[in-house]
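Summary of structural features
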2 protein chains.
Amino acid sequence: MINQLVSKIKKLNAPVVVGLDPMLSYVPEHIVTKALNEYGETLEGAAEAIWQFNKQIVDKTWDLIPAVKPQIAMYEQFGIPGMVAYKKTVDYCKSKGLVVIGDVKRGDIGSTSAAYAVGHLGKVQVGSQKIAGFDEDFATVNPYLGSDGIEPFIKVCKEEKKGIFVLVKTSNPSSGEFQDQLINGKPLYELVGEKVAQWGMEYMGESYSYVGCVVGATYPEMGKVLRKVMPKTYILVPGYGAQGGTADSLRPYFNEDGLGAIVNSSRGIIAAYKQEKYAKFGAENFADASRAAVIDMIEDIRSIF
Amino acid sequence: MINQLVSKIKKLNAPVVVGLDPMLSYVPEHIVTKALNEYGETLEGAAEAIWQFNKQIVDKTWDLIPAVKPQIAMYEQFGIPGMVAYKKTVDYCKSKGLVVIGDVKRGDIGSTSAAYAVGHLGKVQVGSQKIAGFDEDFATVNPYLGSDGIEPFIKVCKEEKKGIFVLVKTSNPSSGEFQDQLINGKPLYELVGEKVAQWGMEYMGESYSYVGCVVGATYPEMGKVLRKVMPKTYILVPGYGAQGGTADSLRPYFNEDGLGAIVNSSRGIIAAYKQEKYAKFGAENFADASRAAVIDMIEDIRSIF
C-alpha cells in the first residue's frame, strides 16, 4: 500500500491528502435540510448529511488527489449512524481508487491493539470466514504505550500489505507539553521518531516503509530534524492551511527525491466555499469550490520544489 | 458521576470493575453456534454472540459490582455490527444501574477531541435536538497530545457530570519505552501524573476529581509514587489477575481512606469458566463461573485492608 501511495503521488505530482472531517456546520444548508427532512433531527439525519457532503467532494476531487484522510472522530460523534457514514465514505473513496488513511489515532496493548488493527486494517475470523470490519488502507496510531501497541499493527500490515502512521510530533499548540520534553538532551518526539524508524525496518516497501509517521506542519524546525532521523519514513503532515502551516514551511519534510511527505488539508478544502477566495462558487456549488482549493493547494506545494 | 462511582464502591465495599472485553474465543461454543446459525458466519453473527455473552455475565454480576469497563477495540474489530453490540452493552449495563467506563483510549486535538468527547460522553447538536451517541459515563483518554487533547473532554464532563481516566502508566511490558524516560530526573509518567492532578483541579467532585487516571497493577512501586502525586485522582488499575498483578501489589494504589482506586479484571472474570478453579461450572454455566470469580476477586481485594 505504501508503494501504491508513492506511485500515485508521483503520477499525479501531488503529495496531498484531503481530510474528510465533516463538521455539520461545514455542510451547506440545502444538504442538511434535505437530510433532516428525510430522516428527522436524528443521528441518522446528521449522518446522511455528512455522507452526501463527502460524496460530492470526492466526486469533484478524486482525479486530482492520491489519498483521503477521514477523521473518524467527526463520524463517531454521531454514534452508530455516524460510524455507518464513516464506513460508506471509506468504501466509496476506495471505489474511486483513492488510498484511504483512517485517522483513528488508536493505540492499546497486546490483544487489544491487535483487535484495533484487525478491525481497521485486517480481517477478523468468524467461524470459517475472515471478514473485514472498516478496511481502511492506512491507520494513524498513538505511540504512548510503546512497542506493545505498535507491533500488533505491524503484524496485520504485513498480512494485508497495509500501513500505519505513528504520531510523533502533533501540530497542536500544546503538543510540546510531553512531546518536547528533553530526555538525555533529546526531545521525546525524537526518541519516538527513532523508534518509528526502527519499527519501519520491520516492514519496508520499495523505497519507503509501511510504517509512516505524523509530524505537524506547524513545527518545521522539528520536521527538519525528524526527516533525518527517519529517512525511509513517509511523513503525514497535518496543520497546513487552516492551522497555519505554509508551503514554505513544508520543504524540510520532504527528501531530496521530492518524496517522503504527504500534506493534509481538511477544512481548507472541504469548507473552501466559506472562504472569501472561493465565495463566488456559492454554497450550492461547494464541491466545485473544494476542487478549486485542491488545485490551488497542489500548485502551492509544487512551488516549493 | 465520580461521586456516584465512589458511593457505589463504598456501598458494595467492592473497588472493582469488570472488563467486558469479549474475544470470540472466550464465548462458549453453544452461544457462538446459536448466533452463527441465526445470522450466518458474518460480523452480525459474531456481534450477536458477544452481546449474548455480555448480557448473561452482566445478569449474574451486576448486583456485586459498581462498574463495568467495556473495551471498545473488542467490538470495533467486528466493524459496524460490533459497534452496535458495544452500544447495546453500554445501554444494558446502564439500565442495570452500573457505571460504565468506556475503555476507548481516544485522544486528538481541538475540535477533533471535542467530537470524541461529545460522541462518547456528551450530546451532539442536530438541528434543534441534542442527541447522545454512545453515552458512556466515563471514557479513557490518551495524553500524548497534551492539554489540547484533554481540555475538550473536561468541558463536556462539566456539562454532563461525567468523567475521564487519563493514561498515565500502562500495565504492559513495553510501557516504559516512553513513559519511564527521565525528564530532569523525573519519569514522563510522573510528569503526566502531575498534569492529571492539575487538570483534575478544574473539575472536582465531593472527595475526588472527575478526572481520573490509569496506572497498571503491574508497576506497584510507580503506583505508590503516583498515588502521592495525584491524591485526589481516582486510579483505574488494569493488569490484576491475567496480566500478573496481585492483591498484595494493589495496596499502594489506595489512599488511607480505602478509596482512590478501582481495580479491573477482564479475562479473569469473563472467561473464568476456562480456568481450572471454575471448571466445575462448565461452559453452559459460564456466567455463574464469572459470578464466583467476581466474589473471589472482591474478597481478595478486601484482604489488603
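Residues numbered from 1 in each chain as written. Chains lettered and ligands numbered in written order. Predicted model: local features only at pLDDT ≥ 70, side-chain atom pairs only at ≥ 80, totals over all residues. Heavy atoms only, no water.

- Chain A has the name Orotidine 5'-phosphate decarboxylase in an unreviewed UniProt entry, where Candidatus Fimimorpha faecalis is given as its organism.
- According to the UniProt record, the Catalytic activity (unreviewed entry) comment for chain A is "orotidine 5'-phosphate + H(+) = UMP + CO2". (UniProt positions renumbered as here; feature names shortened; annotations may be inferred.)

Concerning the overall build of chain A
- Looking only at helices and strands, chain A features twelve helices and twelve strands.
- Its C-alpha atoms give chain A a radius of gyration of 19 Å, near enough to 19 Å, the size a compact globule of 305 residues would have.
- Over its C-alpha atoms, taken along the principal directions, chain A stretches across nearly 60 × 55 × 40 Å.
- Sorting the 305 residues of chain A into buried and exposed places 64% on the buried side.
- Within chain A, residue pairs in contact and separated by at least 24 positions form 73% of the contacts whose partners lie at least 6 positions apart.
- Roughly 10,500 Å² of accessible area belongs to chain A as shown, and the carbon and sulfur atoms make up 51% of that amount.
- Across chain A, the mean location of the 33 positive side-chain charges is 5 Å away from that of the 35 negative side-chain charges. (Helix = DSSP H or I, 4+ residues; strand = E, 2+ residues; numbered from the N terminus. Rg over C-alpha atoms; globule rule 2.2 N^0.38 Å. Buried < 20%, exposed > 50% of the residue type's maximum accessible area, 1.4 Å probe, protein only. Contact = heavy atoms within 4.5 Å. Areas by Shrake-Rupley, 256 points an atom, 1.4 Å probe, with all protein chains shown as cover. Lys, Arg positive; Asp, Glu negative; His and termini not counted. Charge placed at Lys NZ, Arg CZ, Asp CG, Glu CD.)

Thoughts on the packing of aromatic side chains
All names here are of chain B.
- Under the counting rule described, the total for this entry stands at 20 aromatic pairs over all chains.
- Their ring planes at 75 degrees and their centres at 4.8 Å tell us that Y208 and Y234 sit as a pair that is edge-to-face. Taken together, the residues Y208 in the loop between α9 (188-201) and β10 (211-215) and Y234 in the loop between α10 (220-229) and β11 (235-237) connect sequence positions 26 residues apart.
- Judged by relative accessible area, which is 0%, Y234 ranks as buried.
- Aromatic side chains F254 and F305 sit 4.9 Å apart centroid to centroid with 85 degrees between the ring planes, which places their arrangement in the edge-to-face category. (Phe/Tyr/Trp six-rings, centres within 6.5 Å; stacked < 30°, edge-to-face > 60°.)

Considerations on the sheet that holds strand β12 (residues 261-265) of chain B
Residues and elements named next belong to chain B.
- In spatial order, the strands read β1-β2-β3-β6-β7-β10-β11-β12; together these eight strands close into a barrel with parallel pairing.
- Note that strand β1 (residues 16-18) and strand β2 (residues 67-68) share two bridges and pair parallel. Residue V17 lies in a different strand from β2, and its bridge partner there is A67.
- In the packing of α10 onto the sheet, the strands contacted are β7 (163-169), β10, β11 and β12, and the crossing angle to β7 comes to about 130 degrees. (Pairing = 2+ DSSP bridges. Axes fitted to C-alpha atoms, helices over the stretch in contact; angles between N-to-C directions.)

Quick word on the relation of the copies chain A and chain B
- Taken as rigid bodies, chain A and chain B are interconverted by a rotation of 180 degrees and an axial shift of 0.0 Å, the fit giving an RMSD of 0.0 Å. Overall, the copies show the geometry of a two-fold rotation axis. When C-alpha positions in chain A are compared against the rotation axis, the closest is assigned to I183(A), at 2.7 Å.
- Most of the interface of chain A is mirrored in chain B, where 100% of its interface residues are also at the interface. (Least-squares fit on C-alpha atoms with pLDDT ≥ 70 in both.)

Some details on the environment of Q125(A)
- Assignment of secondary structure puts Q125(A) in strand β4 (residues 123-126).
- According to the relative accessible area criterion, Q125(A) is partly exposed, its value standing at 40%.
- If we skip the residues at most four places from it in the chain, Q125(A) touches K130(A) and L24(B).
- For Q125(A), the side chain forms a polar contact with the main-chain oxygen of G127(A), separated by 3.2 Å. (Polar contact = N/O pair within 3.5 Å; in protein donor to acceptor, adjacent residues only side chain to side chain.)

Some remarks on the nonpolar core
- One finds I164(A), L250(A), I164(B) and L250(B) to be the most contacted residues of the largest nonpolar core, which totals 242 residues.
- When residues no more than four places from it in sequence are discounted, the contact partners of L250(A) are A217(A), V237(A), Y240(A), V263(A), I301(A) and I304(A). (Core = buried A, V, L, I, M, F, W, Y, C linked by side-chain atoms within 4.5 Å.)

Quick notes on the pattern of salt bridges
- Within this structure, the stated rule accounts for 36 salt bridges over all chains.
- In this structure, D59(B) and K55(B) form a salt bridge, with 3.2 Å as the shortest nitrogen-oxygen distance. Separated by four residues within a single helix, D59(B) and K55(B) lie in helix α3 (residues 43-61), roughly one turn from each other.
- Assessed through its relative accessible area of 25%, K55(B) is described here as partly exposed.
- The partner of E159(B) in a salt bridge is K155(B), with the nearest N and O atoms 3.3 Å apart. Of the two residues, E159(B) and K155(B) both sit in helix α7 (residues 147-160), four residues apart, roughly one turn of that helix. K155(B) shares its class with E159(B); the two are exposed.
- Residues joined in a network through salt bridges with shared partners are K69(A), D103(A), K105(A) and D108(B). (Salt bridge = Lys/Arg side-chain N within 4 Å of Asp/Glu carboxyl O.)

Quick notes on the sheet that holds strand β1 (residues 16-18) of chain A
Residues and elements named next belong to chain A.
- Read around the closed barrel, eight strands run β1-β2-β3-β6-β7-β10-β11-β12, paired in parallel fashion.
- Inspection of the sheet shows β1 paired to strand β12 (residues 261-265) by three bridges, in the parallel sense. The residue bridging V17 from the neighbouring strand is N264, located in β12.
- Helix-sheet contacts for helix α1 (residues 2-12) involve β2 (67-68), β3 (99-106), β6 (138-141), β7 (163-169) and β12, and the interaxial angle to β3 is about 125 degrees.

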